[in-house]
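Report on the structure
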Amino acid sequence: MSLAIASTALIGPGAGTGNASSHREAPLIAADPQVDNTDVYAFTSPDNPDTVTLIANWLPFQEPNGGPNFYPWADGAHYDVNIDSQGTGKPDITYRWTFHTDDQRGTNTFLYNNGVVNNLTDPTLLFRQYYTLQELRPGCEPVTLVEHGQVAPSDTGKASMPDYGRLRNQATVQLPGGGQTVATQAADPFFLDLRVFDLLYGGNLSEVGQNTLAGYNVNTVALQIPKSRLAFKGDPGRNPVIGVWSSTEKQTLKLSPGKADPTGRHVQVSRLGNPLVNEVVVPAGLKDTFNSLPPSQDHNQPALVNKVLNPEVPQLVQAIYGIPAPATPRTDLQEIFLTGIAKATNGPLAVDLNSQLMNQDIDASKFVPAEELRLNMSTPVTANPDRLGVLDGDFQGYPNGRRLTDDVVDIELQALEGATPGHLIPALAAGDKVDHADKPFSTAFPYVALPYAKAVNQPN
């Protein structure tokens with residue numbers, strides 16, 4: 001089977017304010033990092049294959065020494081992970097975390113903690129955050145899954161928090177009906193060399209091999225949930241495909257001396273499905289608009305659809321390296337981004353992989369093209385995951401969902417230039433020479449690595 005996953009015009013220069021996956025990708029959200037979505041991951045849990053693990057990250061480029069306030073979640077904002085099981089571009093389920101702060105420092109101290117913190121209940125932890133987790137379904141009353149969950153705090157250092165893993169374990173909550181969740185700080189799991197923005201690695205592939213995100217942390221929510229809760233009509237056998245994206249909503253802030261009070265309705269300010277889309281597929285003038293739109297409206301944005309069908313990056317690669325750009329229109333990219341890959345989409349990638357059109361019980365007349373990270377929950381867990389995913393014959397990997405170990409930059413660079421499974425483009429075979437994260441991932445939930453505690457700017 002030849003599956004030309006020319007997946008995503010997702011790297012290259014000319015990306016405005018974009019950095020890394022969805023780190024500071026659009027002008028407005030770059031100024032509001034607390035609610036900036038960075039990455040979304042969706043995969044069958046390798047140690048619990050009846051469940052799916054969903055991981056969403058916010059607040060990029062956290063330098064571990066960034067005290068005294070460190071990196072709190074925004075009070076009152078809606079941090080959402082959305083599931084589309086019917087292909088309408090609208091959420092059939094939204095998991096919503098809403099945070100609030102208990103700051104006990106007052107006028108007494110500037111310290112985040114005034115002693116060693118071995119447990120979340122220790123009085124030495126002066127800055128605490130809590131959350132409510134709700135499951136929202138259209139036409140139904142919200143279901144509260146967690147009423148008063150405590151956040152694992154920012155890691156203020158080894159002297160203050162000698163066993164951060166213990167704190168994270170204490171913050172992990174078991175959910176009614178099965179599953180678990182945690183809100184925590186973590187080492188940023190995304191890995192790449194960002195010299196891609198310097199004329200595609202210096203114009204001669206000489207600027208590669210350094211993981212730009214090594215040493216930085218992010219805020220993470222992780223959710224492990226039974227597949228039956230996510231599938232349309234509760235039946236993952238007949239309806240195995242879901243679309244996933246994260247989004248953030250916040251209120252306007254009314255400013256007064258020493259105060260910032262939220263007011264008015266919540267408005268969507270950030271969104272993320274596939275990695276790197278808003279950076280280098282969406283043109284600069286649409287980046288803020290894209291962040292405000294629901295996926296159900298993507299197909300009504302002709303300028304956005306045109307950038308999928310006629311992406312910029314292959315033209316840049318051709319200009320710099322002389323590798324011919326594939327012919328347009330790129331209907332293969334349309335399948336990757338907007339419809340999922342299935343025979344029913346009538347696209348060039350004629351294989352059933354991960355479109356909701358594969359679900360047997362949906363109303364196909366309501367299906368719309370929408371940018372989502374699509375996961376076929378019936379794909380068996382790979383015993384030895386390949387970092388290149390589908391491109392290297394591992395069909396549980398990206399773009400069929402996204403695992404923490406999937407090397408999406410190398411996958412996408414190869415695929416853009418016409419690579420097929422087992423047949424890479426030799427001139428680009430080494431990619432960015434960053435093949436894995438700096439910290440190894442765990443084999444158990446929540447899988448993400450513990451946060452870095454040392455400064456990024458270590459002496460040479």
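So, how was this worked out
- Residues numbered from 1 in each chain as written.
- Predicted model: local features only at pLDDT ≥ 70, side-chain atom pairs only at ≥ 80, totals over all residues.
- Heavy atoms only, no water.
- 1 Å grid on protein atoms, 1.4 Å probe; cavity = no way out; pocket = protein on both sides within 12 Å on 5 of 7 lines; lining within 4 Å.
- Points joined across faces, edges and corners; volume = space filled by probe spheres on them.
- Nonpolar A, V, L, I, M, F, W, Y, C, P; charged D, E, K, R; others polar.
- Phe/Tyr/Trp six-rings, centres within 6.5 Å; stacked < 30°, edge-to-face > 60°.
- Helix = DSSP H or I, 4+ residues; strand = E, 2+ residues; numbered from the N terminus.
- Buried < 20%, exposed > 50% of the residue type's maximum accessible area, 1.4 Å probe, protein only.
- Polar contact = N/O pair within 3.5 Å; in protein donor to acceptor, adjacent residues only side chain to side chain.
- Contact = heavy atoms within 4.5 Å.
- Salt bridge = Lys/Arg side-chain N within 4 Å of Asp/Glu carboxyl O.
- Axes fitted to C-alpha atoms, helices over the stretch in contact; angles between N-to-C directions.
- Parallel < 35°, antiparallel > 145°, perpendicular 65-115°, else oblique.
- Pairing = 2+ DSSP bridges.

The next thing to look at is empty space enclosed by the protein. Counted by the stated rule, this structure contains 7 cavities of 30 Å³ or more. In this structure, the largest cavity occupies an estimated 110 Å³ of space. For the largest cavity, the lining is made up of 16 residues, of which Tyr112, Val151, Ala152, Pro153 and Ser154 are closest to its centre. Looking at the lining of the largest cavity, its residues break down into 9 nonpolar, 6 polar and 1 charged.

Moving on, we get to the packing of aromatic side chains. Counted by the stated rule, this structure contains 11 aromatic pairs. Both rings, one in Phe99 and one in Tyr131, keep their centres 5.9 Å apart while their planes meet at 55 degrees; by these two values the pair is tilted. With a gap of 32 residues between them, Phe99 in strand 4 (residues 93–103) and Tyr131 in strand 5 (residues 127–136) connect regions that are remote in the sequence. Note on Phe445 and Tyr447: the rings are 6.3 Å apart at their centroids and 85 degrees apart in plane angle, and the pair reads as edge-to-face.

Next up on the list: the side chain of Arg96. Assignment of secondary structure puts Arg96 in strand 4. By relative accessible area, Arg96 is classed as buried at 15%. A polar side-chain atom of Arg96 sits 3.5 Å from a polar atom in the side chain of Glu249.

Now for the environment of Val208. As for its position among the elements, Val208 is in the loop between helix 3 (199–205) and strand 9 (217–226). Apart from the residues within four sequence positions on either side, Val208 is in contact with Asp193, Tyr201, Gly431, Asp432 and Lys433.

Glycine aside, the phi torsion of most residues is negative, and most peptide linkages are trans. For the bond running from Gly67 to Pro68, omega is 5 degrees, close enough to zero to count as cis. With omega at 10 degrees, the peptide bond leading from Phe445 into Pro446 counts as cis. You can see Pro446 is positioned in the segment after helix 10 (408–416). Of note in the backbone geometry, Tyr447 takes a positive phi value of approximately 75 degrees without being a glycine.

On to the pattern of salt bridges. Taken as a whole, this structure holds 18 salt bridges when the rule is applied. The shortest N-O distance in the salt bridge between Glu135 and Arg229 comes to 3.1 Å. Here Glu135 is found in strand 5, whereas its partner Arg229 is found in helix 4 (residues 227–230), with 94 residues between them in sequence. There is no split in this pair, since Glu135 and Arg229 are both buried. Three or more residues are tied together by salt bridges with common partners; here these are Arg387, Asp407, Asp410 and Asp435.

This paragraph deals with the packing of helix 7 (residues 302–309) against helix 9 (residues 331–339). Axis separation between helix 7 and helix 9 bottoms out at 8 Å; the angle between their running directions is 120 degrees. In this view, helix 7 runs oblique relative to helix 9, as classed from their interaxial angle. Counted together, Val305, Val308 and Leu309 of helix 7 and Thr331, Leu333, Gln334, Phe337 and Leu338 of helix 9 form the full contact between these two elements.

On to the sheet that holds strand 2 (residues 51–62), then. Within a sheet, adjacent strands bond to each other through the backbone by hydrogen bonds, running parallel or antiparallel. The strand order across the open sheet formed by 5 strands is 1-2-9-8-7, and the pairing between neighbours is antiparallel. The two strands at the open ends of the sheet, each matched to only one other strand, are strand 1 (37–44) and strand 7 (173–174). Contacting strand 7 and strand 8 (180–187), helix 2 (residues 164–171) crosses the sheet at an angle of about 155 degrees to strand 8.

Our focus in this paragraph is helix 9. With 7 of 9 residues buried, helix 9 lies mostly within the body of the structure. As for helix 9, its buried residues are in contact with helix 5 (277–280), helix 7 and strand 12 (373–376). Count one or two residues on from helix 9 and you reach Gly340, which has phi positive near 80 degrees.

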